[in-house]
Amino acid sequence: MSDTEKTLPIEEGEETVKSRNFIEMEIDKDLAEGVYDHVMTRFPPEPNGYLHIGHAKSILLNYGLAKEYNGKFNLRFDDTNPTKEKTEFVESIKADVQWLGADFEDRLYFASNYFDKMYEGAIKLIKKGKAYVSELTAEQMREYRGTLTEPGKNDPSRDRSVEENLQLFEDMKNGKFADGEKTLRAKIDMASPNINMRDPIIYRVAHMTHHNTGDKWCIYPMYDFAHPIEDAEEGITHSICTLEFEDHRPLYDWVVRELEYPHPPRQIEFAKMYLTNVVTGKRYIKKLVEDGIVDGWDDPRLVSIAALRRRGFTPESIKLFVELCGVSKANSSAEYSMLEYCIREDLKMKRARMMAIIDPIKLVIDNYPEGQVEMLEADNNLENPELGKRQIPFERELYIERDDFMEEPPKKYFRLFPGNEVRLMHAYFVKCVSFEKDETGKVTVVHCTYDPATKAGSGFNERKVKGTIHWVPASSAVEAEVRLYENIIDEEKGVYNEDGSLNLNPNSLVVMKHCKLEPELAKARAYDSYQFVRQGFFCCDAKDSRPDALVFNRIVSLKSSFKLPTQNAQ
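Described below are features of the structure shown in this document. For clarity, every value in this text was computed on a predicted model and none was experimentally measured.

## As for the pattern of salt bridges
Counted according to the given criterion, the structure contains 58 salt bridges. Between Asp359 and Arg402 there is a salt bridge whose closest N-O contact spans 3.8 Å. Separated by 43 residues along the polypeptide, Asp359 in the loop between strand S13 (356-357) and strand S14 (360-365) and Arg402 in the loop between strand S17 (397-401) and strand S18 (421-424) bring together distant segments of the chain. Among the residues examined, Asp359 registers a relative accessible area of 32% and is labelled partly exposed. With relative accessibility at 22%, the residue Arg402 sits in the partly exposed group. Among the salt bridges present, the one from Asp404 reaches Arg534, with a minimum N-O distance of 2.7 Å.

This is the structure in structure tokens:
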């Protein structure tokens with residue numbers, strides 16, 4: 001656990017086990033040595049798609065560090081590539097970051113806001129003899145670059161005069177060249193063992209309309225040039241990014257050094273968070289959307305942040321998941337079951353436990369007075385008295401789950417069958433006396449009698465029953481659609497087939513119509529979540545649910561296969 005941070009649940013009397021992660025140690029060192037006197041971080045997404053669970057780690061890490069050190073956190077869109085960016089993605093990312101609780105206050109920035117500064121930086125490099133205009137095509141550029149074992153060759157234009165480079169770069173800006181005809185390259189070292197330092201392109205010609213700057217520019221900076229400038233201009237102290245940027249760090253440092261920023265930011269890399277058996281690739285999600293397999297980037301079977309929110313995950317559950325995964329330099333994968341564990345842990349004490357019948361069958365209590373409605377009191381959550389109590393109407397005709405009755409039960413089946421007695425939750429003992437079938441042989445009605453002396457809370461203890469089942473009143477039940485979600489990937493086969501296609505789970509969505517819910521659930525609105533007794537945790541769907549046609553998504557079942565690591569886990 002040397003370079004991870006994990007805080008595990010503790011037993012009473014034990015101390016919390018927590019180690020500082022390697023990024024915190026580096027920041028501590030920088031502050032102690034006076035490299036910086038404050039901490040400022042940022043989350044810099046490219047607005048070319050929806051964020052997913054992996055981005056949540058970066059958001060919460062960057063925001064968490066700023067908060068820990070009483071610093072500031074910025075949200076900045078790296079919109080340097082107008083070919084893929086959309087305002088739709090900008091708005092979805094803002095909503096995701098805010099939902100996760102990462103407060104960027106009024107510090108919302110765009111890389112495109114710094115295009116003038118980047119252009120000035122390029123001019124400065126040209127004047128210093130550190131950048132030049134090249135005519136090489138993309139194919140020629142690859143030929144000149146060399147390999148991991150062989151140095152590259154100098155560009156024929158590498159030794160152009162400063163004056164000529166300034167004029168050509170001005171002509172690029174003024175639209176005198178076609179896309180791809182000219183580039184601006186940094187002059188560093190074509191023999192560098194790091195290929196990123198072999199005179200990388202820092203500007204390209206692209207005659208495209210930008211979502212933020214319109215048609216002002218027909219040249220655009222490359223990410224590796226733009227990103228360090230954005231960080232430096234905003235006063236970012238620690239540029240926390242994922243491990244694939246480690247080889248780009250020398251170029252990051254070169255840019256801020258050559259542009260002579262007085263307090264250059266420092267890049268620190270950490271390992272991405274991988275989740276097993278999920279789809280995060282934009283190309284695959286786009287195909288799932290286009291093929292109608294999912295109903296959008298926020299389909300609850302996906303792990304985009306919007307999808308997790310719609311399914312019913314909470315910011316707190318995702319934060320717990322990120323904390324359990326820890327911060328490391330080593331790539332690793334987390335099981336999806338750990339994410340499910342986190343949402344169960346978050347919701348189990350916070351949500352009311354309601355009765356909902358997913359596959360209903362009518363139950364008639366033959367000896368209960370017709371027309372009588374009795375209000376029964378129930379705890380909203382037995383483990384959390386602060387959630388209060390509610391009243392549930394009880395009457396002669398109820399709905400129960402179809403699998404809570406069997407005509408010919410197996411051994412150890414303790415629910416309803418002819419001659420057996422069970423408790424109706426919060427209510428009375430009932431004994432099955434008969435049942436009705438339709439012409440296909442399907443059971444349609446179960447008949448019971450009840451014992452008035454057995455009312456819940458009355459202290460009755462003359463006999464015991466082994467089974468308790470839930471129910472809802474027939475006359476006031478709320479009808480709803482319930483969507484039972486599973487992983488969209490067939491976990492036994494893995495994510496991909498040999499041909500690269502996805503191994504889809506045919507049962508990833510089962511839609512149950514005409515479900516019957518207790519009357520209290522009529523109040524449910526978008527994102528409201530509950531525990532449905534014996535079924536799992538469910539959330540009112542934000543996209544399709546309406547007050548007169550409720551739709552609930554299963555967030556997670558009640559049973560878990562995930563085991564929390566022990567205190568001594570590494």
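So much for the structure itself; the text now carries on.
## Brief notes about the environment of His38
Among the secondary structure elements, His38 is positioned in the loop between helix H1 (22-32) and strand S1 (40-43). Since its relative accessible area comes to 39%, His38 is described here as partly exposed. In this structure the C-alpha to C-alpha distance between His38 and Ala66, which are 28 residues apart in sequence, comes to 9.2 Å. A distance of 2.8 Å separates a polar atom in the side chain of His38 from a polar atom in the side chain of Asp37.

## Focus: the nonpolar core
Residues Ile53, Val97, Leu275 and Phe321 are the most contacted members of the largest nonpolar core, which totals 42 residues. Element by element, the count of residues in this core is highest for helix H12 (residues 336-347), at 7 residues. Apart from the residues within four sequence positions on either side, Val97 is in contact with Phe43, Leu51, Ile59, Phe73, Leu75, Ala102 and Phe104. With 35 residues, the next largest nonpolar core counts Leu125, Ile126, Tyr220 and Ile229 among its residues.

Rules used throughout
Residues numbered from 1 in each chain as written. Predicted model: local features only at pLDDT ≥ 70, side-chain atom pairs only at ≥ 80, totals over all residues. Heavy atoms only, no water. Salt bridge = Lys/Arg side-chain N within 4 Å of Asp/Glu carboxyl O. Helix = DSSP H or I, 4+ residues; strand = E, 2+ residues; numbered from the N terminus. Buried < 20%, exposed > 50% of the residue type's maximum accessible area, 1.4 Å probe, protein only. Polar contact = N/O pair within 3.5 Å; in protein donor to acceptor, adjacent residues only side chain to side chain. Core = buried A, V, L, I, M, F, W, Y, C linked by side-chain atoms within 4.5 Å. Contact = heavy atoms within 4.5 Å.

Honestly, it's all geometry; don't read function into it.
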